[in-house]
Amino acid sequence: MIRKLIKFLKKCWGKKAAYAYAGLMLTACILTYKLYFASGSNILKSEEEKASVASSVAEGKIAYGEKNIIQGDITDRKDTVIMTSDSVDGYAHYKDAEAYTQAIGFVSKGASYLLGKTSKAWLYDALPGTNKGCTIQTTLDSDLQEYCYSKLKNACTGNGAGDEGSIVVLEAKTGRVLTWAYTPSFDVTELLTAYAEADQNATTWESIVENTLHSKTYPMLNPRMPGSVFKILTSIGIIEKGESCLSETVYDGTGYLQLENSVLPNAGGQVYGEIGFKQAFMDSVNVYFAKKAIEDIGKARMDELAERCGIGTTQYFDFGTMLSGYDFNNNDEELARTAIGQQNVQMSAMHVAMLTMGAACDGQIAKPHMIQQIYRTEEKKTAEGSTYSKGEIVQEEKIDTGYMHIMSPETSEVIRDAMEGKGEVLKQESGLDLVVNGQSIGIGCKTGTGQIDSSYGGYSGYNNIWLTSYVPADDPQYIIVLNKYKVDGSGTSSYGATMFEDLIDVCNRIYNNNHLNPTDNADETETDESDASAKEEAAAHV
């Protein structure tokens, strides 16, 4: 190839010019090789190649030429540092030892998790002459994240009060993850210390988390039964069937639906008589949704709705992978149970938040993401040591507002009317309201209870309970999902009754920290009121 090139150049330019040009090209190739392949620099490398470099991390570091790299910092949306490292071999330090583990994860020798794993290449990508990797600014709000994690940890105490819990807060229009709190969590330093002392040929860091720290990993890879929050999806099928289907009532004279091999009851066996869509949605009437699924939707349509909403497919985000479950045989019994979020339907709290976002935002789902931007870390060396500052932005925020479209604006309007009606009912039942600057703020809500089967088959006596919501009702800005797993189904646990109170607490935390302007006329004022005083004000307006 080179000989042919020289021959061609001789013919066009003459002998000397041809050899000079060929020499120049060879020099350029050598320099490119040194820069790209030999130096270890990430300049010119694709994201896949950076990930490949990152996978070769040894002892928590990557060698670039003669230097070792300290992993970069991770901050919240306002540049508050939530994870930092001050040495090549040392463990990272977290603003809160447990609150961030299940959101941003970690990276170290032989182990990486969640955002720390997906962004490992950036965390170890340093400028020439510096020894610290890039800083990742996340969309998380550190105050809200720590508040929600503390609330979950105090509520999920086992013994019927719930073994696991999640709180997700998303920006409704952008998909920014403001909070992804999950319990049980764990202290990364405790994990990595135990892992370093263990025989790593005989154990994994995940097994240490489970067996030694008595915690869990990968909440998005372990979805749970959604129960009646899945009725948002079933509602799409009812509404899209047409006005006659939507307006046609269902008669419930017994409080249950007799299926071929079993009975499907309403909650508490309540009998509703003649009931239409909105009331059935607000009261979560199983008989109504099961009958509509059998008579009007059918399996093929239900399958298409699930696929449209990403249920049963793997989804990839910048903070990890999400799984969900969906599968049932073509018979009325399994179709009826699927329609109310039972059978084999499995969803994580993040997925329920996405489904709720579609209902709140005219059918549009913005892709959840946690990376706001990534920037170089600049180093200034002094006699006392090194100081670091913000440098060039190397990755801007990637907002995908058209990630999914699951329903029309007209269908969304019908579902929102029902969800906002449920929100008003919950306010009345609890005696609480969301009040900001003297104005009552509407909330769209859907509750859900997924019955957990025992290992021997049949109902275990424990439930997976949900409350999914958006706020404000008239112009959704936030999607908020609360979930608890393995709650005593006998009614002895108080958490189910206080879930709406917890939602109000989270909303007040958002408003009190000036994250959200609920109305165009509301003044932007800061408040130092405690959560207790905020609740007293809210109750006074009901």
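Residues numbered from 1 in each chain as written. Predicted model: local features only at pLDDT ≥ 70, side-chain atom pairs only at ≥ 80, totals over all residues. Heavy atoms only, no water.

**Observations concerning unusual backbone geometry**
Step number 1: A cis amide bond, omega 10 degrees, links Thr-183 with the succeeding residue Pro-184.
Step number 2: Considering the arrangement of structural elements, one finds Pro-184 in the loop between strand 10 (177-183) and helix 8 (188-197).
Step number 3: Going from Val-471 to Pro-472, the amide bond is cis rather than trans, its omega being -10 degrees.
Step number 4: Positionally, Pro-472 belongs in the loop between strand 24 (459-471) and strand 25 (478-488). (Helix = DSSP H or I, 4+ residues; strand = E, 2+ residues; numbered from the N terminus.)

**Concerning the sheet that holds strand 19 (residues 385-395)**
Step number 1: An order of 5-4-3-8-18-19 is seen for the six strands of this open sheet, with the pairing classed as mixed. Each of the sheet's edge strands pairs with one partner strand only, and the pair in question is strand 5 (93-94) and strand 19.
Step number 2: Where strand 3 (residues 74-75) meets strand 4 (residues 81-84), two bridges bridge the pair, whose relative direction is antiparallel. When the bridges of strand 4 are listed, Ile-74 appears paired with Met-83. (Pairing = 2+ DSSP bridges.)

**What to know about the nonpolar core**
Step number 1: Ile-104, Phe-106, Trp-180, Trp-205, Met-302 and Ile-480 are the most contacted members of the largest nonpolar core, which totals 136 residues.
Step number 2: In this structure Met-302 touches Phe-230, Leu-233, Thr-234, Ala-293, Ile-297, Tyr-326, Phe-328, Leu-335, Thr-338 and Ala-339, once residues within four positions along its chain are discounted. (Core = buried A, V, L, I, M, F, W, Y, C linked by side-chain atoms within 4.5 Å. Buried < 20%, exposed > 50% of the residue type's maximum accessible area, 1.4 Å probe, protein only. Contact = heavy atoms within 4.5 Å.)

**A closer look at the pattern of salt bridges**
Step number 1: Applying the stated criterion to the full structure yields 24 salt bridges.
Step number 2: The closest approach of N and O atoms between Glu-304 and Arg-301, which form a salt bridge, is 3.3 Å. Separated by three residues within a single helix, Glu-304 and Arg-301 lie in helix 13 (residues 286-308), roughly one turn from each other.
Step number 3: For Arg-301, a relative accessible area of 31% puts it in the partly exposed group.
Step number 4: Among the ionic pairs, Arg-416 bridges to Glu-420, the shortest N-O distance being 3.4 Å. Taken together, the residues Arg-416 and Glu-420, both in helix 16 (residues 409-430) and four residues apart, mark about one turn of the helix.
Step number 5: A network of salt bridges, in which partner residues are shared, links Arg-77, Glu-171, Arg-176 and Glu-397. (Salt bridge = Lys/Arg side-chain N within 4 Å of Asp/Glu carboxyl O.)

**Section: the packing of aromatic side chains**
Step number 1: In total, this model carries 12 aromatic pairs according to the counting rule given.
Step number 2: Centre to centre, the rings of Tyr-113 and Phe-186 are 6.2 Å apart; their planes meet at 35 degrees, and the pair counts as tilted. In this pair, Tyr-113 is assigned in strand 7 (residues 111-113) and Phe-186 in the loop between strand 10 and helix 8, connecting sequence segments 73 residues apart. Each member of the pair, Tyr-113 together with Phe-186, is buried.
Step number 3: Ring geometry for Trp-205 against Tyr-218: centres 6.3 Å apart, planes inclined by 50 degrees, an arrangement best described as tilted. Taken as a pair, Trp-205 in helix 9 (residues 205-211) and Tyr-218 in the loop between helix 9 and helix 10 (231-240) lie far apart in primary sequence, 13 residues in all. Across the pair, exposure class does not vary: Trp-205 and Tyr-218 are buried alike. (Phe/Tyr/Trp six-rings, centres within 6.5 Å; stacked < 30°, edge-to-face > 60°.)

**With respect to the packing of helix 10 against helix 13**
Step number 1: As a packed pair, helix 10 and helix 13 sit with axes 8 Å apart at the nearest point and diverge in direction by 95 degrees. Accordingly, the angle class assigned to the pair helix 10 and helix 13 is roughly perpendicular. Counted together, Lys-231, Leu-233, Thr-234, Ser-235, Ile-236, Gly-237, Ile-238 and Glu-240 of helix 10 and Asn-286, Tyr-288, Phe-289, Lys-292, Ile-297, Arg-301, Met-302, Leu-305, Ala-306 and Arg-308 of helix 13 form the full contact between these two elements.
Step number 2: When grouped by side-chain class, the residues that make up the contact of helix 10 with helix 13 number nine nonpolar, four polar and five charged. (Axes fitted to C-alpha atoms, helices over the stretch in contact; angles between N-to-C directions. Parallel < 35°, antiparallel > 145°, perpendicular 65-115°, else oblique. Nonpolar A, V, L, I, M, F, W, Y, C, P; charged D, E, K, R; others polar.)

**Comments concerning the pairing of strand 10**
Step number 1: By the criterion of burial, strand 10 is predominantly enclosed, with seven of the seven residues buried.
Step number 2: Bridge analysis of strand 9 (residues 161-171) against strand 10 gives six bridges, and the strand direction is antiparallel. Residue Val-168 lies in a different strand from strand 10, and its bridge partner there is Trp-180.
Step number 3: Hairpin connection, strand 9 to strand 10: the antiparallel pair is bridged by five residues, and Gly-175 has positive phi, about 80 degrees.

**Thoughts on the side chain of Asp-73**
Step number 1: On the secondary structure map, Asp-73 appears in the loop between strand 2 (67-68) and strand 3.
Step number 2: Polar contacts involving the side chain of Asp-73 include one to the side chain of Thr-84, which spans 2.6 Å.
Step number 3: Here Asp-73 is in contact with Val-81, Met-83, Thr-84, Ser-85, Leu-123, Lys-132, Cys-134, Thr-135 and Ile-136, once residues within four sequence places are set aside. (Polar contact = N/O pair within 3.5 Å; in protein donor to acceptor, adjacent residues only side chain to side chain.)

**Quick notes on helix 10**
Step number 1: Counting buried residues along helix 10, nine of its 10 residues qualify, which places the element largely inside the surrounding structure.
Step number 2: Directly beyond the C-terminal end of helix 10, a positive phi value near 130 degrees is found at Gly-242.

**A word on the confidence of the model for the protein**
Should the pLDDT be low somewhere, the predicted coordinates at that spot are not to be read in detail.
Step number 1: A residue-level look at the protein finds 80% of positions with pLDDT of 70 or above and a mean pLDDT of 85.
Step number 2: The low-confidence segment residues 33-67 (pLDDT under 50) makes 62 contacts with residues lying over four places distant or belonging to another chain.
Step number 3: Predicted confidence is poor over residues 516-542, with pLDDT under 50, and the contacts of this stretch with residues over four places away or in other chains come to 41 contacts. (pLDDT = per-residue confidence, 0-100.)

**Digging into helix 16**
Step number 1: The terminal C-alpha atoms of helix 16, which comprises 22 residues, lie 31 Å apart, in line with the 32 Å expected from a rise of 1.5 Å per residue.
Step number 2: One or two residues past the end of helix 16 sits Gly-431, with phi positive at roughly 75 degrees. (Expected span 1.5 Å × (residues − 1).)

**Looking at the environment of Phe-500**
Step number 1: One can find Phe-500 in helix 17 (residues 495-512).
Step number 2: Residue contacts for Phe-500: discarding those within four places in its chain leaves Gly-423, Leu-426, Lys-427, Ser-430, Leu-432, Ile-443, Cys-445 and Leu-467.

**Re the sheet that holds strand 23 (residues 444-453)**
Step number 1: Here we have five strands laid out as an open sheet, ordered 10-9-25-24-23, and antiparallel in their pairing. Looking at strand neighbours, the two that pair on one side only are strand 10 and strand 23, the edges of this open sheet. Geometrically, the sheet is characterised by an average inter-axis angle of 10 degrees between neighbouring strands, direction not taken into account.
Step number 2: Contacting strand 9, strand 10, strand 24 and strand 25, helix 15 (residues 349-360) runs over the sheet at an angle of about 40 degrees to strand 9.
Step number 3: Along the sheet, helix 16 contacts strand 23 and strand 24; its crossing angle with strand 23, the most-contacted strand, is approximately 85 degrees.

**Quick notes on the pairing of strand 18 (residues 371-382)**
Step number 1: The sheet contact formed by strand 8 (residues 135-138) and strand 18 spans four bridges and is antiparallel. Bridge pairing links Thr-138 to Ile-371 in strand 18.
Step number 2: As judged from the eight bridges shared by strand 18 and strand 19, these two strands associate in the antiparallel manner. The partner of Thr-377 across the bridge, within strand 19, is Lys-390.
Step number 3: Hairpin connection, strand 18 to strand 19: the antiparallel pair is bridged by two residues.

**Points about the side chain of Arg-176**
Step number 1: Of note, Arg-176 is situated in the loop between strand 9 and strand 10.
Step number 2: A polar contact of 2.6 Å, which involves the side chain of Arg-176, links it to the side chain of Glu-397.
Step number 3: Setting aside its immediate chain neighbours within four residues, Arg-176 contacts Thr-139, Val-169, Leu-170, Glu-171, His-369, Gln-372, Glu-397 and Ile-399.

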